[in-house]
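Given next are the chains, with one letter for each unit.
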Amino acid sequence: MEIAQLKAELERLHRASFGWALSCCRRDFGEAEEVLQTVYLKIIEGKARFRGEASFKTWLFAVIRKTAISEHRKSLLRKMKMTINPRASRERILGVEKPDAAFERSETQFRFQRALETLPSLQREVLHLVFYEDLSLRDAADVMNVTIGSARQHYQRGKRRLRESLERMETGYGIEWRRKENPGAV
Amino acid sequence: MELSGDEKRIQALFSELRVADERIAPRFNAFMNRTESALIRAPRGFNLSFGWAVVLIFAIAALAWWGAARFRQTTSSPVVATIPSMTNEPSDETDPVRPGNTGSNSGSKFLSKNRSNLLARRLGARRRSVMLAANRKVLKDAKAIAKWTSPTTSLLSSSTDEVLTSLPQLNQNANQLKSFLPSSSN
């Protein structure tokens, strides 16, 4: 694939990629930007090459996931340094919390994000890929580098756990949910 | 794939999240420009780190070489170093009355070098003679042990020992051979 073609594909998938990077970085806006920038650099430099074994989206998401994991390791070191310099860490936290403030107007969304945070990473990832990115379970398994059986298990468990967390957070949430879905039963 | 009630709800929450993420996502062009500028800056950082790595390798190699040379120096001259203390002879430098000291500086150095060589040779010869004496003693002891016989050995010997320990010869006559045959009186 040529550079121009690559850029066109990246532009087409830019928003979805950013959403996926955000999910991989546990909604850390700054880290997600850094990860995405590193991924684009890797692709332009040719360190990450698309060989056509899967769809471009699946491949790109797999690269983002791997990069996010390695960047997370690096950020742990950075955080250790920041504990030495508390002023810098405060600035960073403020920067991170900026996008979250936008969600505060939606109480449900806020609870949903908190519930997502309680999920194990694989369950959160598979739910994100299926519901947010509209990928099939097979593609999600490819991105996560697991078997389809394993992806399905994470998907089922993730759904159950997400619902339980949401119900726990809002007492009447489950009842309301069931009422909406099955009005005759309640 | 038909979505159940739970799945519909989760998808609705994820869709809401996606809309919010798309609002905060950085613009692709600006993002790509930043990435490309980082790409231009990258080689300098790489060279710097590479330079540091080279310097570090050279420093380690030099240190290792110096250490090895020092070790070789200390192990090659232990005899010369121990001579003055073993011979109990005062050195030329500490004895200003000795005639060797009256000559020029280089002459005294040459004399002291010859003297130390001679002492080293004497010490070596003494060590060799001590080792030879010890070897001789060991050989003597070994011979004595080999010759040793038990005092009860004479009690075990009898007149028929020869018959038991010898074989009949072909040139012996019939009567002599009969002595080896079992008696026919039974």
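Residues numbered from 1 in each chain as written. Chains lettered and ligands numbered in written order. Predicted model: local features only at pLDDT ≥ 70, side-chain atom pairs only at ≥ 80, totals over all residues.

## Topic: the overall build of chain A
To keep it simple, the criterion reads: Numbering of helices and strands runs from the N terminus; a helix is a DSSP stretch of H or I covering at least four residues, while a strand is a stretch of E covering at least two. Exposure criterion: with C-beta atoms placed from backbone coordinates, a residue whose C-beta has 20 or more other C-beta atoms within 10 Å is buried, one with 12 or fewer is exposed, and one in between is partly exposed.
In terms of regular secondary structure, chain A is built from 10 helices and 0 strands. Ordering the α and β elements of chain A from the N terminus gives α-α-α-α-α-α-α-α-α-α. Here chain A, with 186 residues, has 32% of them falling under the buried criterion.

## Here's the deal with the interface of chain A and chain B
Applicable threshold: Our contact criterion uses C-beta atoms placed from the backbone: two residues qualify when those atoms are within 7 Å. Ten residue types, Ala, Val, Leu, Ile, Met, Phe, Trp, Tyr, Cys and Pro, are classed as nonpolar, four, Asp, Glu, Lys and Arg, as charged, and the remainder, Gly among them, as polar.
Chain A puts 26 residues into the contact, and the matching count from chain B is 22 residues. Sorting the residues of the side of chain A that touches chain B by element identifies α1 (3–12), α2 (14–24), α3 (29–45), α5 (86–103), α6 (107–118), α7 (121–132), α9 (148–169) and α10 (173–181) of chain A as the ones contributing at least two each. Looking at the side of chain A that touches chain B, the element that brings in the most residues is α3 of chain A, giving 6 residues. Within the side of chain A that touches chain B, the residues separate by chemical class into 14 nonpolar, 4 polar and 8 charged.

## Focus on the nonpolar core
Residues and elements named next belong to chain A. What counts is decided by this rule: Only buried Ala, Val, Leu, Ile, Met, Phe, Trp, Tyr and Cys residues enter a nonpolar core, and they are joined through C-beta atoms within 7 Å.
Core analysis: the largest hydrophobic core is formed by 43 residues, its most contacted members being A21, A32, V35, L36, I64, V130 and A140. Looking at this core, the element that brings in the most residues is α3, giving 7 residues. Every residue in contact with L36, bar those within four places of it in the chain, is listed here: S17, F18, A21 and I64.

## So, the confidence of the model for chain B
Caution applies to low-pLDDT regions: their predicted coordinates should not be interpreted in detail. Threshold: On a range of 0 to 100, pLDDT expresses the predictor's confidence in each residue.
Of the residues in chain B, 72% reach a pLDDT of 70 or more, and the chain-wide mean stands at 76. Considering each helix and strand of chain B separately, the mean pLDDT is smallest for helix α3 (residues 78–87) of chain B, with a value of 47, and largest for helix α4 (residues 105–147) of chain B, with 87.

## Examining the packing of α7 of chain A against α9 of chain A
All names here are of chain A. What counts here: Fitting a line to C-alpha atoms yields each axis, with helices limited to the stretch in contact; the angle taken between N-to-C directions then spans 0 to 180 degrees. Our angle categories are set so that under 35 degrees counts as roughly parallel, over 145 as roughly antiparallel, 65 to 115 as roughly perpendicular, and the remainder as oblique.
In contact at an axis separation of 8 Å, α7 and α9 are set at 95° when each is read in the N-to-C sense. The angle between α7 and α9 places the two elements in the roughly perpendicular class. Where α7 abuts α9, its residues L122, Q123, R124, V126, L127 and V130 lie against A151, H154, Y155, R157, G158, K159, R161 and L162. Split into classes, the residues belonging to the contact of α7 with α9 amount to 7 nonpolar, 3 polar and 4 charged.

## Focus: the packing of α6 of chain A against α9 of chain A
All names here are of chain A. To keep it simple, the criterion reads: Helix crossings get a hand from a simple test, with the near helix turned counterclockwise from the far one by less than a right angle marking a left-handed crossing and a clockwise turn marking a right-handed one.
α9 packs onto α6 with a crossing angle of 130° between their chain directions and a minimal axis gap of 9 Å. The orientation of α6 relative to α9 falls into the category oblique. Here α6 runs over α9; the crossing is right-handed. On the side of α6, the interface is formed by R111, F112, R114, A115 and T118, while α9 contributes L162, S165, L166 and M169. Its residues assigned to classes, the contact of α6 with α9 comprises 5 nonpolar, 2 polar and 2 charged.

## Some words on unusual backbone geometry
Residues and elements named next belong to chain A. A positive phi angle, near 55°, is found at R26, a position not held by glycine. Along the polypeptide, R26 turns up in the loop between α2 and α3. Taking the number of C-beta atoms within 10 Å as the measure of exposure, R26 has 16 and is therefore partly exposed. Positive phi outside glycine occurs at N145, with the angle close to 60°. On the secondary structure map, N145 appears in the loop between α8 (137–144) and α9.

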